[in-house]
Amino acid sequence: MEAVVPHEITTELTQILANLVLGDNKIRSNAEQAVNDRLAQTPDLYLLALAQFSIAADTEVMRSFSLVLLRRLLFRTAPGQQPGEGRLTLYDQLPAHALTTLERLLLHSLSHEPLDAVRRKTVDTVCDLANNSMSRGRPWHALQAQTFTMTQTGEAGFRECAYRLFSGCPNLVMDLQTDAVLTVFRKGLQDSQSVEVRLAALRASVSYLTACDQHQLSHSLSLLYPMLDTLPSLPNIHLKSFLSSLTPLCSSHPNLFVPHMNALLSFLRGLIMPSVDSGPTPTVAKPFPGTSSSFTFPPGGPDTSRTPDDSDEVTEDEEKESVRKAALEFMVSLTEAKPTLAKRSEGWTAAMVRASLEGMGELPEDTLDSWLETDPSEDAQDENYPHVYEQSLDRVACALGGKAVLPPAFQYIPSMLANYDWRLRHAGLMAIAAIAEGTSKVMQMELGKVVDLVTPMFKDAHPRVRYAACQCVGQLCTDLEEIIQDRYHEQLFAALIPTLEAPESRVHSHAAAALINFCEGVERDTLVPYLDPIVERLLKMLNPGAEDGKVVKGYVQEQAITTLAMVADASEATFAKHYSSIMPLLLNVLRNANSSDHYKLRAKAMECAGLIAIAVGRNVFRPDANTLIELLIKIQNSPVDPSDTMLPNFLIATWAKICQALGTEFEPFLPVVMPPLLNAASAKADVSIYDDEDEVGEMREGWETISMDGQIVGIRTSTIDEKCQAFDTLVVYCATLGGRFAPYLTQSLELSLPALKFYFHDGVREAASRLIPLLFTCGKQSGTLTSQMVAASYLQLIHSIRAETDPSFLSSLYRALGDGLRVVGIPALTPDLQAALIEATKHQLQTLADKRKRRAESPEDDREELALLEEVEEFALEDMEKLLKMLDGQHPLLVAVSSVRDLGFNQWDSEEERDSDG
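Residues numbered from 1 in each chain as written. Predicted model: local features only at pLDDT ≥ 70, side-chain atom pairs only at ≥ 80, totals over all residues. Heavy atoms only, no water.

## A few points about the overall build of the protein chain
Quick note on the threshold: Secondary structure elements are defined from DSSP: runs of H or I of at least 4 residues count as helices, runs of E of at least 2 residues count as strands, and each element is numbered from the N terminus. Any residue under 20% of the maximum accessible area for its type is buried, any over 50% is exposed, and the rest in between are partly exposed; the area is computed with a 1.4 Å probe on protein chains only. Whether two residues touch is decided by their heavy atoms; if any such pair falls within 4.5 Å, the residues are in contact. Only the protein chains shown count as cover for residues, and all accessible areas are computed by the Shrake-Rupley method using a 1.4 Å probe.
Helices and strands together make up the secondary structure of the protein chain, namely 44 helices and three strands. For the protein chain, the residues scored as buried account for 51% of the 918 residues in total. Of the contacts made within the protein chain by residues no fewer than 6 positions apart, 73% connect residues no fewer than 24 positions apart. Of the roughly 41300 Å² of accessible surface on the protein chain, 51% is carried by carbon and sulfur atoms.

## Notes on empty space enclosed by the protein
If a probe as big as a water molecule is rolled over the atoms, it shows which places are left empty. Heads up, the condition is: Cavity means a closed set of points on a 1 Å grid over the protein atoms alone, one where a 1.4 Å probe fits but cannot get out, pocket means an open set with protein on both sides within 12 Å along at least 5 of 7 lines, and lining means a residue has an atom within 4 Å of a point. Grid points are joined across faces, edges and corners, and a volume is the space filled by probe spheres set on the points. Classification used: nonpolar for Ala, Val, Leu, Ile, Met, Phe, Trp, Tyr, Cys and Pro, charged for Asp, Glu, Lys and Arg, polar for all others including Gly.
All chains considered together, the criterion is met by two cavities of 30 Å³ or more. Tallying contributions element by element places helix α2 (residues 25-41) first for the lining of the largest cavity, with four residues. Tallied by class, the residues present in the lining of the largest cavity amount to nine nonpolar, no polar and one charged.

## Points about the packing of helix α39 (residues 787-803) against helix α41 (residues 831-856)
Put simply, the rule is: Axis lines are fitted to C-alpha atoms, over the contacting stretch for helices. Their N-to-C directions set the angle, which ranges from 0 to 180 degrees. Angles are sorted into four bins: roughly parallel if under 35 degrees, roughly antiparallel if over 145, roughly perpendicular if 65 to 115, and oblique for all others. Handedness of a helix crossing follows the sense of rotation of the near helix relative to the far helix, less than a right angle counterclockwise being left-handed and clockwise being right-handed.
Two numbers describe how α39 lies on α41: the axes approach to 8 Å, and their chain directions differ by 15°. The angle between α39 and α41 places the two elements in the roughly parallel class. Along this stretch, α39 crosses α41, giving a crossing that reads as left-handed. Along its contact with α39, which presents A791, Y794, L795, I798, I801 and R802, the element α41 presents L833, A836, L837, E839, A840, H843 and Q844.

## Let's talk about the nonpolar core
Stated formally: As used in this record, nonpolar core signifies buried Ala, Val, Leu, Ile, Met, Phe, Trp, Tyr and Cys residues forming a set joined through side-chain atoms within 4.5 Å.
With 295 residues, the main nonpolar core has F257, F621 and F741 as its most contacted residues. Residue contributions to this core peak at 13 residues, all from helix α22 (residues 422-443).

## Brief notes about the pattern of salt bridges
For clarity, the threshold we go by: Just to be clear on terms, a salt bridge is a Lys or Arg side-chain nitrogen sitting within 4 Å of an Asp or Glu carboxyl oxygen.
A complete count under the given rule lists 37 salt bridges for this structure. Across the salt bridge formed by E103 and R138, the nearest N and O atoms sit 2.9 Å from each other. Remark: R138 occurs in the loop between α6 (116-135) and α7 (141-150) and E103 occurs in helix α5 (residues 96-112); sequence separation between them is 35 residues. Since its relative accessible area comes to 22%, R138 is described here as partly exposed. When the shortest N-O distance is used, the salt bridge between K540 and E501 registers 3.3 Å. Pair noted here: K540 is in helix α28 (residues 531-542) and E501 is in the loop between α25 (483-499) and α26 (505-519), with a separation of 39 residues, a long-range link. Note on K540: relative accessible area 40%, which makes it partly exposed. The network of salt bridges with common partners includes E321, R324, K325 and E362.

## Overview of the packing of aromatic side chains
For the record, the criterion: Centres within 6.5 Å are what make two rings of Phe, Tyr or Trp a pair, Trp counting through its six-membered ring; a difference in plane orientation under 30 degrees is then read as stacked, over 60 as edge-to-face, and the rest as tilted. A positively charged side chain is recorded as over a ring if its NZ (Lys) or CZ (Arg) lies within 6 Å of the ring centre. The angle to the ring normal must also be within 35 degrees.
Inspection of the entire model under this criterion finds 16 aromatic pairs. On the basis of an interplanar angle of 90° and a centroid distance of 5.6 Å, the ring pair of F257 and F330 is categorised as edge-to-face. Taken together, the residues span a long stretch of sequence, with F257 in the loop between α14 (236-252) and α15 (261-272) and F330 in helix α16 (residues 313-337) at a distance of 73 residues. Grouping residues by exposure puts F257 and F330 together as buried. Among the aromatic residues, those joined into a cluster by ring pairs are F148, Y163, F166, F185 and Y208. Lying over the aromatic face of F158, R119 brings its terminal NZ or CZ to 3.8 Å of the ring centre.

## Digging into the packing of α39 against helix α40 (residues 807-824)
Look at α39 against α40: their axes get within 10 Å of each other, and the N-to-C directions meet at 160°. It follows from the interaxial angle that α39 and α40 lie roughly antiparallel. For the pair α39 and α40, the sense of crossing is left-handed. Judged by residue contacts, V790, Y794, L797, I798, S800 and I801 of α39 engage L810, L813, Y814, A816, L817, G820, L821 and V824 from α40. Counted by class, the contact of α39 with α40 contains 12 nonpolar, two polar and no charged residues.

## So, α41
Rules: Multiplying 1.5 Å by the helix residue count minus one yields the expected span of that helix.
Between its first and last C-alpha, α41 extends 37 Å over 26 residues, near the 38 Å set by a 1.5 Å rise per residue. Inspection of α41 places L833, L837, I838, A840, T841, Q844, L845, L848, A849, R852 and R855 among the buried residues, and these make up the whole buried set.

## A short note on the environment of S392
By the secondary structure assignment, S392 is in helix α20 (residues 387-400). Residue classification places S392 among the buried positions, given a relative accessible area of 2%. For S392, the contacting residues outside a window of four places in its chain are L328, V332 and S356.

## Thoughts on unusual backbone geometry
Both trends apply: most residues other than glycine have a negative phi, and most peptide bonds are in trans. Positive phi values are uncommon outside glycine, yet E482 reaches one of about 75°. The residue E482 is located in the loop between α24 (463-479) and α25 in this model. Its identity is not glycine, yet E572 carries a phi of approximately 55°, on the positive side. Topologically, E572 is positioned in the loop between α29 (554-571) and α30 (579-592). The exposure class of E572 is partly exposed, given its relative accessible area of 43%.

## Brief notes about α7
Considered for burial, the residues of α7 that qualify are L143, Q144, Q146, T147 and M150. Its buried side turned inward, α7 meets α5, α6, α8 (156-168) and α9 (171-174).

## Re a negative patch on the surface
Selection criterion: Patch membership requires more than 30% relative accessible area and the absence of a salt bridge. Residues of like charge join within 9 Å; the nonpolar side chains Val, Leu, Ile, Met, Phe, Trp and Tyr join within 5 Å. Neither His nor the chain ends contribute to the count of charged residues, in which Lys and Arg are positive and Asp and Glu negative. Note that the charge is assigned to NZ on lysines, CZ on arginines, CG on aspartates and CD on glutamates.
Among the surface-exposed residues, E481, E482, D486, E520 and E523 lie close enough to one another that they form a single negatively charged patch. Under the relative-accessibility criterion, E523 is labelled exposed at 56%.

## Regarding the confidence of the model for the protein chain
The criterion, for reference: The predictor reports its confidence for every residue as pLDDT, a score running from 0 up to 100.
When the pLDDT values of the protein chain are averaged, the result is 86; 88% of them are 70 or greater. Across residues 277-311 the pLDDT falls below 50, and counting only partners more than four positions away or on other chains, this stretch makes 67 contacts in the model. Counted against residues more than four places away or in other chains, residues 907-918, with its pLDDT under 50, gives 27 contacts.

## Some points on the environment of G270
As for its position among the elements, G270 is in helix α15. Considering only alpha carbons, one finds G270 and A327, 57 residues apart in sequence, at a separation of 9.5 Å.

## A look at the side chain of T178
Following the sequence through the fold, T178 ends up in helix α10 (residues 178-189). In this structure, T178 is in contact with Y208, Q216, H219 and S220, ignoring residues within four places of it in sequence.

## Quick look at the environment of R423
Structurally, R423 is set in helix α22. For the pair formed by R423 and E365, sequence separation is 58 residues and the distance between their alpha carbons is 7.7 Å.

## Focus on the side chain of R506
Within the secondary structure, R506 is located in helix α26. The residues contacting R506, other than those within four sequence positions of it, are W371, L372, T374, P376, D379, Y467 and Y555.

## Notes on the state of the cysteines
Stated formally: Count a disulfide wherever a pair of cysteine sulfur atoms falls within 2.5 Å.
Under the defined criterion, the tally for this structure stands at zero disulfides. Looking at the unpaired C734, the closest cysteine sulfur is the one in C778, lying at 4.8 Å.

The structure is reproduced here in structure tokens:
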């Protein structure tokens, strides 16, 4: 193909690309700068040169690299943009003739590139270019024609790339006759020569069905038959990829699978159960007698069965296991997307529950010694633990509820708990913990039986079973909070307290962790009789000078301190009798735990000291207050170790607790704590804008992404979490100190008002909305509140009300406005402000009314989700109503509030019609 750019440009680019792939950082950095410089001056020349290089380069590596680089550069933000111009990319700066040439070069690469690996890179680049071009109103008809031609070629590699193009850019076929599209896809799905072509066609079919409108979808239902018919004849090495490719369609369009549920079940349950000779199981060796592991679509067609492969046994087992997990993920995803479909398909739920229980029992037999020595925080990285099966059971329970899941689960769990194999006893307990959240409404009716099953397991001979018993009770205390503590505290304390003295560190540490969950839902009077034996055993765990002379593991001390803090918090003033035994130990930790391996222990000791101070009250705490404060000041002023990520959060939180404990006596310490607190509260979000999804994959740890205004935004979570905690602490200081907080009133208000629109973290906005009325109270008590402060605050609150789209925070904004008016009086809301408030309220009422009308027109939507959504809206309407009544008991908008309420889902759909399954 003739050159489209001058020879000297090609020569220069060749050298730049060669330098980019070198390992030398300095050379590579200079090459990157050279690329940026050239793109800033003549982007069209160098982008076209890259495209030409992808055809002309004589090595596979350089052709592939130029295609990857072209893809990343094309839609990179163009240099030299001014704020407010809108995001323009290098693509947007290319003249029409350059775009035409670029398209021609890439089409040439598609049709002439001899190597499959490079051609796939071309496909990726072409898909990006096509999608972005079409979104800008530039069709690419030549690509459409060439892709259809490629589906007819004799070479499988080219056919595969054609379907990859349809998958990556479904818009290529969305405007064509449905029958023509289905014919092409069926041909690919039935390609007899290449499994890669069939897989690419399957992915293309999924993309197409996902992008279809309702009319197209109704005419494309028959495509499911050849799509599903690709599965039965596949060996395990390919089956996982096919199942994983189908799974997104389960989530987006579960109704497509309705006609196929019976045939799917007959195929999938043979995949999700372990091999017959997998050792002791809670069920019979052949789980589903009379069923085979193959199926055909449509049901009743010719039988196609899979034959075992003669490959290495370990590899074959790994392949079977990956297929098993992919098949289970398919079933669970479909269940989550359409719970009623799973409930109506006989055997579907039982198969998932049984497979999950089987999988949970498949722990390695001989790992006890290493498990006992491992820090529990590393459990999440334990590749030998069957996390997938446990999570699947949890997801199924949350999707289907107790009526569907508890019967099949408890068909096996009691026999698992009685099994001679410790792994199955362990799995039975972990299964109860996994299903507790989703089945809690029904489980509470049979809770006594569950407790009777679990508590004997605390005396099991195997440490991992006793550990699982602790996990199970802790989870039950969270998921059935207050109910289990109230009804069964005697049995649970009788099991947990002795386990605090278990000989294994991991077991007694986990018993202490379970006590935290217990204390979060317990009444003080219920806890008090057990306080002495609990504290006595926790102190034994904490004190390194134990009788047996063993060194206490760091994680045990951390857990003991954390549990002591929670017990103190739950028992309140009654904890005072133990104060003198514990506070000196904590102060000693804060004095000496300065090395990096003790940072977590130090943070936990701070938290515990603060919670104990609140629990026992200022009179008991006062003698140690100055010592604790001096230690905290010393820690705060010490050089910062970047690896100690816990310290800033725990310092802020502990100062807040000390303020709550001391009350107004904390005022002298404000000059010490406020500068770093205000600094944290004023932190800007550390944000990165990503040009494409590839960059997101390279994100650093501690970052999260959100989609905002059509862009992918990365946010460093530690910065905004610290900002949120700072605002929460300002709320504590202002509420506790009242008028004494006045020196910091202006600064705090200046931070709070813009924070109402800090969309990166809801917690920051919530805290800011609570802080504003508290600052009014502080200003009124101290005589420092000005009318300008009040007016500016109300103006910002009203602007925020008008712009708010989250009904939950809308409620908080109305509450802040009302609470503020109770402090400063209704006259503070000037006629102009009142008029703006009424307009903002009208706007919100109209928005809520429109949303509810749209929902009424879409009865297919998830009813439970709608009910929760409208419950949140109801809170906003309630707070809106309260504020309007404050202004005028007969305010005309009160009628509008009632009208919007009447449009609600709960009004037009009777309670009897709703599925009340727990």
